[in-house]
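Residues per chain, in single letters:
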Amino acid sequence: MTPRFDKLGVVIAAIVAYAAFFASFATFRANRIVPGEARSILEALPAAVGPLLLAIVVVAAMIALLKTPLVLRLVASVVALAALAILIGVAGTFLTPAGNTFARISPASGFWLLIFAFTLLLADVLTRLNLSPLARVGVLVVAALAIGLLLVSGQWDSLSILKEYANRADSFWAEGSKHITLALGSLAAAVIVGLPLGILCHRVERLRAGVLNVLNIVQTIPSIALFGLLIAPLGWVATHVPGAAALGIRGIGTAPAFVALFLYSLLPVVANTVVGLAGVPRAANDAARGMGMTDRQRLFGVEFPLAFPVILTGIRIVLVQNIGLATIAALIGGGGFGVFVFQGVGQTAMDLVLLGAVPTVALAFAAAIILDAVIEMTATKRRVETA
């Protein structure tokens, strides 16, 4: 009988084959800035452990390659990811010379490719299982708890990114707080301004094209350029407006970063508000008018609730966008995880770059999953109520 291959499984198997047998699993450096020495899986792990990891990833790749049951594919992806997460810490301990505090052990391209391949397999399985929104959030929580357990256990302490964190623990949390404040604060300001503006654009057609065109122009300005354009006017405000400097408004720092993120956030909020309100069925509005509802009552009692899932989609776009763009704020003294990214680039220290990049990606990924779940639950609720 001819075996049947899964199309995505062919890609996953190819990635795994290259990553496991041809790419390096870990990199050893005598200190944080010298060039690294590549180590394969068999070189990076103890004699009994390396072949075991190879066996796990090969078997998991074969399960992905063939058309196997979803439960088996789920188990294979989880086991492979867990083995990789645990054993990269073992590699760090194994490769670090005893008593050496300067050596740095980093996950190499093979490790990241294996993580990507089996995460792709896991995502495909979860998509095919068609999990409910709450179940998807539950998977996210379980994954976060597992990573947290590994961090608390000290399993990864020998890895260079954790050593960079240990040297900057206080500043890491301070910059993380600034990053989240910038992303959420600019989103909140955009919602406060963008929702009424979107409602106004929906009601006044002549205003709609002009506002959306202006916001489209703002959206096309590169982020660094927009930060730069805001330095001069905010510097003038700080100098000439009494009390502005005391509030933290100045040419560089948090203020221009906040304003830029706010401006970038307006278009998705306003546009989705207009689209959402325009998509409200005419029959619903006619029924509301027939019941004697005023324009205000129709807006908040009928139109806005029906348009809310579309509006929430715009808010999701803004939040994920802002979490990423807040990284650039470090270039003008705005703080955030970008501080570590640009310090690492300047020092040619990739692990310091990862210290800023990894939590940024994790925050954006978590925000996307949570808001997708909320959007789906809200849309389902509205369909049930209008059925």
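Under an unreviewed UniProt entry, the name given to the chain is ABC transporter permease, and the organism recorded is Mesorhizobium neociceri. The chain has a UniProt comment under Sequence similarities (unreviewed entry) that states "Belongs to the binding-protein-dependent transport system permease family." Regarding the chain, the relevant UniProt record gives this comment under Subcellular location (unreviewed entry): "Cell membrane".

Novice: Describe the nonpolar core, with residues and values.
Specialist: Membership of the largest hydrophobic core comes to 48 residues, with the highest contact counts inside it found for Val 16, Phe 25, Ile 41, Leu 53, Leu 114 and Phe 118. Sorting the residues of this core by element identifies α1 (7-21), β1 (26-29), α2 (41-44), α3 (49-65), α4 (70-95), α5 (109-129), α7 (160-167) and α15 (350-386) as the ones contributing at least two each. Sorting elements by how many residues they give to this core places α4 first, with 10 residues. Domain assignment of the residues forming this core places at least three in each of domain 1 (7-160) and domain 2 (169-386). Non-local contacts of Val 16, meaning those with residues more than four positions away in its chain, are made with Val 57, Ala 61, Leu 114, Ala 117 and Phe 118.

Novice: Now, about the confidence of the model for the chain: what can you tell me, with residues and values included?
Specialist: The predicted coordinates should not be examined in detail at positions where pLDDT is low. Summing up the model confidence of the chain, the mean pLDDT is 86 and the portion of residues at 70 or higher is 93%. When pLDDT is averaged over each element of the chain, α3 comes out on top at 94 and helix α10 (residues 223-240) at the bottom at 72.

Novice: Lay out the packing of aromatic side chains in plain terms, naming residues and giving numbers.
Specialist: What the rule picks out here adds up to 8 aromatic pairs. Taking the centre distance of 5.3 Å and the plane angle of 90° together, the rings of Phe 172 and Trp 173 count as edge-to-face. By relative accessible area, Phe 172 is classed as buried at 10%. According to the relative accessible area criterion, Trp 173 is exposed, its value standing at 57%. Centre to centre, the rings of Phe 304 and Phe 308 are 6.2 Å apart; their planes meet at 50°, and the pair counts as tilted. Remark: Phe 308 and Phe 304 occur in helix α13 (residues 295-325); sequence separation between them is 4 residues, near one turn of the helix. For Phe 308, a relative accessible area of 25% corresponds to the partly exposed category. By the ring-pair criterion, three or more aromatic residues cluster together here, those being Tyr 165, Phe 172, Trp 173, Phe 337 and Phe 340.

Basis of the calculations
Residues numbered from 1 in each chain as written. Predicted model: local features only at pLDDT ≥ 70, side-chain atom pairs only at ≥ 80, totals over all residues. Heavy atoms only, no water. UniProt positions renumbered as here; feature names shortened; annotations may be inferred. Core = buried A, V, L, I, M, F, W, Y, C linked by side-chain atoms within 4.5 Å. Buried < 20%, exposed > 50% of the residue type's maximum accessible area, 1.4 Å probe, protein only. Helix = DSSP H or I, 4+ residues; strand = E, 2+ residues; numbered from the N terminus. Domains from an automatic or database assignment. Contact = heavy atoms within 4.5 Å. pLDDT = per-residue confidence, 0-100. Phe/Tyr/Trp six-rings, centres within 6.5 Å; stacked < 30°, edge-to-face > 60°.

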